[in-house]
Amino acid sequence: MSTEQQGRSGSGQQSPRRVADGPGPRPPAGRDGLWETRTVEVPGAVLSVTGPTADASAGLPEALFVHGLGGSAENWTELMVELDGVVRGEALDLPGFGWSAPPLDGNLSVSGHVRAVIGYLEATGRGPVHLFGNSLGGAVAVRLAALRPDLVSSLVLVSPALPELPPQRTALPTGLLAVPGVPRLLQRVPAGGRSVEQATDGLLDLVYGNARAIPPERRESAVAEYRRRMALPYALQVLVGSARGIVSAYTERGDQALWRQAERVEVPVLLVYGLRDKLVSYRSAARACAAFRDARLLVLPESGHVAMMEHPEQVARSAREFLCEVLAAAE
């Protein structure tokens, strides 16, 4: 286990931008033409996937990045830049998020998202991959690794959404999305009576350890994306459905219980937690370290729920060391 005292830092590089078909204007092309977004059809869904062009990272180990509730592939782009030359990384938008359309059958459970990721890996033949997951994406990664170990080489989990009962107080408003009647109330009072800017600031304050340190351009991008998402007819339905999926996964028992599935994961795991996380408490770290057979722990005292966005350099440094260790052991 390792603990690092971190200050705020940025990557110092331009994050890759995405091009994709979807509602609203198309984002501009990627960094130096090396990044692109494409769509991949999988059983029951069409996914938007961001990654390098065909020749940009040929021959490198394969990695896949899975975002959390309300997020998108953009949550990973700074870390992907930091890991350029280490892995050939792609980040996907889960069904209904980012630029991906909702699943055809409306299944937004954790298992439904797992099915989509498995479908992508099978459709592209990219497995086994080094699988990165944040929050909801962390729960998806754990279940996938337990059910399909042939598709996973290692796990990097940033504040994974593993059952925590009782949840910490600051996570309760997110859990309320799963309560019947609340989404309808939210539709009647858009953004809780707040402006788009105020609503975005509230979300950033929830997921960052220090939202005041967010660069102005990133905040403006977040406001624009929030406005785009809220204009989509299915945005709230997808958010609510996935929130209910997490709550449902927290209550599952037997072989489907997430903690029991964590115990079945055989690959090495790097766990990343922030002491300022308002959604996943650091107290879960001890249980996670005990559950996984081969776990390492990185604690970032200044980070919130999205350490890969808030401190990409520090997360990348630990991920590089971890991946080097995993690759060396596999030789």
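Our subject is the structure listed above.
Residues numbered from 1 in each chain as written. Predicted model: local features only at pLDDT ≥ 70, side-chain atom pairs only at ≥ 80, totals over all residues. Heavy atoms only, no water.

> Lay out the nonpolar core with the relevant residues and their values.
Membership of the largest hydrophobic core comes to 56 residues, with the highest contact counts inside it found for Tyr 120, Leu 131, Leu 155, Leu 271 and Phe 292. Not counting residues up to four positions away in its chain, the partners in contact with Leu 155 are Leu 131, Ala 141, Val 142, Ala 145, Val 265, Val 267, Pro 268, Val 269, Leu 270 and Phe 322. (Core = buried A, V, L, I, M, F, W, Y, C linked by side-chain atoms within 4.5 Å. Buried < 20%, exposed > 50% of the residue type's maximum accessible area, 1.4 Å probe, protein only. Contact = heavy atoms within 4.5 Å.)

> Give a detailed account of the packing of helix α6 (residues 196-207) against helix α7 (residues 216-230), specifying residues and quantitative values.
The contact between α6 and α7 brings their axes to 9 Å, and the two run at 110°. As far as their axial angle goes, α7 and α6 are roughly perpendicular. The two elements α6 and α7 meet at a crossing, and its hand is right-handed. Contacts between α6 and α7 pair Val 196, Glu 197, Ala 199, Thr 200, Asp 201, Leu 203 and Leu 204 from the former with Arg 219, Ala 222, Val 223, Tyr 226 and Arg 227 from the latter. Of the residues in the contact of α6 with α7, the class split is seven nonpolar, one polar and four charged. (Axes fitted to C-alpha atoms, helices over the stretch in contact; angles between N-to-C directions. Helix = DSSP H or I, 4+ residues; strand = E, 2+ residues; numbered from the N terminus. Parallel < 35°, antiparallel > 145°, perpendicular 65-115°, else oblique. Left-handed = near helix turned anticlockwise from the far one by under 90°. Nonpolar A, V, L, I, M, F, W, Y, C, P; charged D, E, K, R; others polar.)

> Quick one: what's the story with the environment of Val 223, residue by residue and with numbers?
In this structure, Val 223 sits in helix α7. Relative accessible area serves as the criterion here: at 11%, Val 223 is assigned to the buried category. The spacing of Val 223 and Asp 201 is 22 residues in sequence and 8.3 Å in space, taken between C-alpha atoms. With near-sequence residues (within four places) excluded, Val 223 lies in contact with Val 196, Glu 197 and Thr 200.

> Got a sec to walk through the pairing of strand β7 (residues 152-158)? Specific residues and values, please.
It is a general feature of regular strands that their side chains alternate between the two faces of the sheet. Counting buried residues along β7, six of its seven residues qualify, which places the element largely inside the surrounding structure. By the bridge criterion, six bridges tie strand β6 (residues 129-134) to β7 in an arrangement that is parallel. The partner of Val 129 across the bridge, within β7, is Val 152. Here four bridges tie β7 to strand β8 (residues 269-274), and the two strands are oriented parallel to one another. (Pairing = 2+ DSSP bridges.)

> Outline the side chain of Arg 229, listing residues and values.
Inspection of the secondary structure puts Arg 229 in helix α7. Buried charge without a salt bridge: Arg 229, with Glu 225 as the nearest opposite-charge side chain at an N-O distance of 4.9 Å. With residues up to four places along the chain from it excluded, the contact list for Arg 229 reads Gly 96, Phe 97, Gly 98, Tyr 234 and Ala 235. (Lys, Arg positive; Asp, Glu negative; His and termini not counted. Salt bridge = Lys/Arg side-chain N within 4 Å of Asp/Glu carboxyl O.)

> Any chance you could break down the packing of aromatic side chains for me, citing the residues and the numbers?
What describes a pair of aromatic rings is the distance from one ring centre to the other and the angle between the planes of the rings. All told, the structure shown has three aromatic pairs when counted by the stated rule. Residues Phe 65 and Trp 76 carry aromatic rings whose centres are separated by 5.3 Å and whose planes lie at 50° to one another, so their mutual orientation is tilted. Separated by 11 residues along the polypeptide, Phe 65 in strand β4 (residues 62-66) and Trp 76 in the loop between β4 and α1 (77-82) bring together distant segments of the chain. Cluster of aromatic residues (ring-pair linked, three or more members): Phe 65, Trp 76 and Phe 132. The ring of Trp 99 carries the charged tip of Arg 228 above its face, separated from the ring centre by 4.0 Å. (Phe/Tyr/Trp six-rings, centres within 6.5 Å; stacked < 30°, edge-to-face > 60°. Lys NZ or Arg CZ within 6 Å of the ring centre and 35° of its normal.)

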